[in-house]
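Residues per chain, in single letters:
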Amino acid sequence: MYLVKVTLFHSVTEDLIRRRAEHNNCEIFSLEEIALHQQDLERIEHIDKWCKELKILYLQNNLIPKIENVSKLKKLEYLNLALNNIEKIENLQGCESLQKLDLTVNFVGELSSVKSLQHNICLRELFLVGNPCAQFNGYRQYVVAMLPQLKWLDGKEIERSERIQAMQDYPQVQVQIKAQEADYLYKRALEREAAQEKMTEKKIEPRKLHKKNPGFDGRWYTDIDNTLPQSSENKENSSETDRDNEAVGTDEEEKDKEFWQQPSLYTPESRLETHQYLEEKRKSKEGRSDEKKKEKPQRTLVTAEGRILNVNEPKLDFSLADDEENNQFVLDLAIHRHLDISLVDVDIQPNYIKVLVKKKPFQIVLPAEVKPDSSTAKRSQTTGHLVVAMPKATGQIQAKPSCNNLQKSTKTVEKLEVDPKAYSFPDLANIVKERSSAPQGPLQLQTGMPKVIENNEYFIDDPDVPPLI
C-alpha cells in the first residue's frame, strides 16, 4: 500500500456556516437548523458560540473523532453524527433539550459511556447500530437498563416488559459488558500502535506529472487546410513524451490497484488513511490539469511560409458582408452582450482582421485589401455584437440618386380619355324648376295645365271620364 501523508485542515468556519444558512438569509445567530455533512470536518468547533438557537444539527459523513463543543446548545433537539470516527459518548450533558441522537456506523466500543446520557432526560431515540459495541452480548439489555428515559433504540421501540426484564438482568449483563469492553479497548490500543508504526515507515515517493504533447486537437479552424505537418524532431519528442506518459500511467494504475486490493481493518485510522489517499489523488489530478494549462502552446496564426490562417478559437458566430454601395467590408461578430469591452481587442490589417476575445483569437482573411486607418469598430448596446466597417483600398463609392430625381424618374402621368357622348354630368342648376309666374286664383282661370297635358304624347282623351271643371 502506498500512501503520502497529507495534513488536512478542514474545520468549521464562519464562511461555511453562512453558506449553509442560505435558508435563513445567511444569519447564523438566529439559525435553528444547519447541515454540515460531507465536509471532511475533523473537529466540532465554534457552533456552540455562533449558533446558540440551533435545534437540528447534521454532521454525518465527516472525520470527527470526538464529541465536543456542543454542550452549550440548550435548545438542540436532534444531533446526527453518523459515519464519523467517534469512539466514546461524551460532552452531551449540557444539551438539555436533546431528544434524538444518531451515532450510526461509528467506532463506539466503550459501551459504558452511554451512562453520560442519563443527564439528558428528554432523550427518546438513540442509534448505535454499526458500532463495535452493538456486537457485544447483552448490548441492548444494558442500554435499556442504563437509560430509563429512552423509548426507541436502533429504530426499535422499547416495550415495558423488555425494560422490566433488562432491569432484572442488569447485574449479570453489566459484568459481561465490562469484560467485552476491556477486550475491545486492549485490541484498539494494539491497532493504534500498529497504525502509528505503519505511518512512520511510509516513504514519500515522487510522482511524475503527466505531460501532454502540444498539438491542434480539439481546436476549431475555419480554414480546411489548417493542418500543419510535424517535423521529425517534434515527432521524436512527442513519441518520447507519450512513452513517458504511458509509463507513469501504468505505474499509477499498479499502485492504485495494490492499495485497494490490500486487506485492512475497519478502524478510524484506516478510514482516515483512505481519505488521505483519495485527497492526494485529487490534488495530483489538479496539479496535472494546472500543468497542462501552463504548458498550453500559443495559437498559430501565421504559418512559417507566411500564410495567414482563419481561426475562430472563441467559437463565435460571425458574418462577413461585401457592401458594394459603400465600397467596404462589414464584419459582424456575435460577442456576448454581457462581456466587458475591455476584454475585446481589434487589430485590422490590409489583408486580414484579428479580434482577441478574452485572449482567444478570432482571425479571418479578407477577400480584398482594405484601409486600416479608415476602418471603424462599433459595439451594439442591445445585442453586444461587434460591427467592424473596413473600406476597400480600391474601387469607388457608387453615387446614390437624389430624392427629386428618383421621384421624377419614377413618376408617370396617365390620362384617361372619356367620350363625352357616352358620359355627361347632370345639370345641377336645372334640377329644381322655377315656378310659373302665372297669377294665383280659381282653377278655371288657370288655362296653362290642360295645354301641357294635351301636348303630351302619352295623353289619351277618354270621353267617358268627366272633366275636372
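Note that this is a predicted model, so its numbers are computed, not measured.

Rules and cut-offs
Residues numbered from 1 in each chain as written. Predicted model: local features only at pLDDT ≥ 70, side-chain atom pairs only at ≥ 80, totals over all residues. Heavy atoms only, no water. Helix = DSSP H or I, 4+ residues; strand = E, 2+ residues; numbered from the N terminus. Contact = heavy atoms within 4.5 Å. Areas by Shrake-Rupley, 256 points an atom, 1.4 Å probe, with all protein chains shown as cover. Pairing = 2+ DSSP bridges. Axes fitted to C-alpha atoms, helices over the stretch in contact; angles between N-to-C directions. Salt bridge = Lys/Arg side-chain N within 4 Å of Asp/Glu carboxyl O. Buried < 20%, exposed > 50% of the residue type's maximum accessible area, 1.4 Å probe, protein only. Phe/Tyr/Trp six-rings, centres within 6.5 Å; stacked < 30°, edge-to-face > 60°. Lys NZ or Arg CZ within 6 Å of the ring centre and 35° of its normal. pLDDT = per-residue confidence, 0-100. Parallel < 35°, antiparallel > 145°, perpendicular 65-115°, else oblique. Left-handed = near helix turned anticlockwise from the far one by under 90°. Nonpolar A, V, L, I, M, F, W, Y, C, P; charged D, E, K, R; others polar. Polar contact = N/O pair within 3.5 Å; in protein donor to acceptor, adjacent residues only side chain to side chain.

Caption draft 1: Focus on the overall build of the protein. Regarding its fold elements, the protein presents 8 helices and 15 strands. Long-range pairs, those at least 24 residues apart, make up 52% of the contacts in the protein between residues at least 6 apart in sequence. A total of about 31,900 Å² of accessible surface is found on the protein, and carbon and sulfur atoms cover 50% of it.

Caption draft 2: Looking closely at the sheet that holds strand β13 (residues 360-365). Across the sheet, 4 strands lie side by side as β8-β13-β12-β11; this open sheet has antiparallel pairing. At either end of the open sheet lies a strand with only one pairing partner, and these are β8 (311-312) and β11 (344-348). Summarising the sheet, strand β12 (residues 352-357) and β13 pair through 6 bridges and their orientation is antiparallel. If you follow Y352 over to β13, its bridge partner there is V365.

Caption draft 3: Inspection of the sheet that holds strand β15 (residues 386-391) at higher detail. Spatial strand order, β9-β10-β15-β14: 4 strands in an open sheet with antiparallel pairing. Two strands lie at the open edges of the sheet, namely β9 (318-323) and β14 (376-379), each paired on one side alone. Recorded for the sheet is a direction-independent mean angle of 15° between the axes of neighbouring strands. Both β14 and β15 contribute to a ladder of 4 bridges, which runs antiparallel. Counterpart to T376 in the pairing with β15 is A389.

Caption draft 4: Up close: the pattern of salt bridges. Throughout the structure, instances matching the rule amount to 12 salt bridges. The partner of D15 in a salt bridge is R19, and the shortest N-O contact between them spans 3.0 Å. Remark: R19 and D15 occur in helix α1 (residues 14-19); sequence separation between them is 4 residues, near one turn of the helix. Look at R19 and you get partly exposed, because its relative accessible area is 46%. Across the salt bridge formed by K392 and D322, the nearest N and O atoms sit 2.7 Å from each other. With K392 in the loop between β15 and α7 (403-410) and D322 in strand β9, this residue pair connects regions lying 70 residues apart in the sequence. Among the residues examined, D322 registers a relative accessible area of 40% and is labelled partly exposed.

Caption draft 5: Spotlight on the packing of aromatic side chains. Under the criterion given, the structure shown has 3 aromatic pairs. Taking the ring centre of Y78 as reference, the NZ or CZ of K100 above it sits at 4.7 Å. Positioned above the aromatic ring of F329 is the side chain of K392, whose terminal nitrogen or guanidinium carbon lies 4.9 Å from the ring centre.

Caption draft 6: Examining helix α3 (residues 139-146) more closely. With 7 of 8 residues buried, α3 lies mostly within the body of the structure. Taken together, the buried positions of α3 are occupied by Y139, R140, Y142, V143, V144, A145 and M146. Of the surrounding secondary structure, the elements contacted by the buried residues of α3 are β5 (125-127), β6 (152-153), β7 (156-157) and α4 (160-201).

Caption draft 7: Structural detail: the environment of Y78. Positionally, Y78 belongs in strand β3 (residues 78-80). Assessed through its relative accessible area of 15%, Y78 is described here as buried. Taking the C-alpha atoms as reference points, Y78 and K55, separated by 23 residues in sequence, lie 6.5 Å from one another. Sequence-distant contacts of Y78, defined by excluding residues within four places in its chain, comprise K55, I56, L57, Y58, L98, K100 and D102.

Caption draft 8: Geometry of the environment of L123. Turning to its location among the elements, L123 is positioned in the loop between β4 (100-102) and β5. The class for L123 is buried, based on a relative accessible area of 0%. Through-space distance from the C-alpha of L123 to that of W152 is 9.5 Å; in sequence the pair is 29 residues apart. Look past the residues within four positions of L123 in its chain and what remains in contact with it is L98, Q99, K100, L101, L117, Q149 and L150.

Caption draft 9: Examining the confidence of the model for the protein more closely. Chain-level pLDDT for the protein is 79 on average; 72% of the residues reach the 70-or-more range. Note that residues 1-9 has pLDDT below 50 and, in this model, 33 contacts with residues that lie over four places away or in other chains. Every residue in residues 203-231 scores below 50 in pLDDT, and together they form 48 contacts with partners more than four places removed in sequence or on other chains.

Caption draft 10: Representation of the packing of α3 against α4 in the model. The N-to-C vectors of α3 and α4 enclose an angle of 115°; their axes lie 7 Å apart at closest approach. Judged by the inter-axis angle, α3 sits roughly perpendicular to α4. Between α3 and α4 lies a crossing whose hand is left-handed. Of the residues in α4, those in contact with Y139, R140, Q141, Y142, V144, A145 and M146 of α3 are E162, R163, A166, M167, Y170, V173, Q174 and I177. Classifying every residue of the contact of α3 with α4 by side-chain character gives 10 nonpolar, 2 polar and 3 charged.

Caption draft 11: Region of the structure containing the side chain of K392. Judged by relative accessible area, K392 falls into the buried class, the value being 16%. Among the polar contacts made by the side chain of K392, one reaches the side chain of D322 at a distance of 2.7 Å. Not counting chain neighbours up to four residues away, the residues in contact with K392 comprise D322, N327, Q328, F329, E369, V370 and K371.

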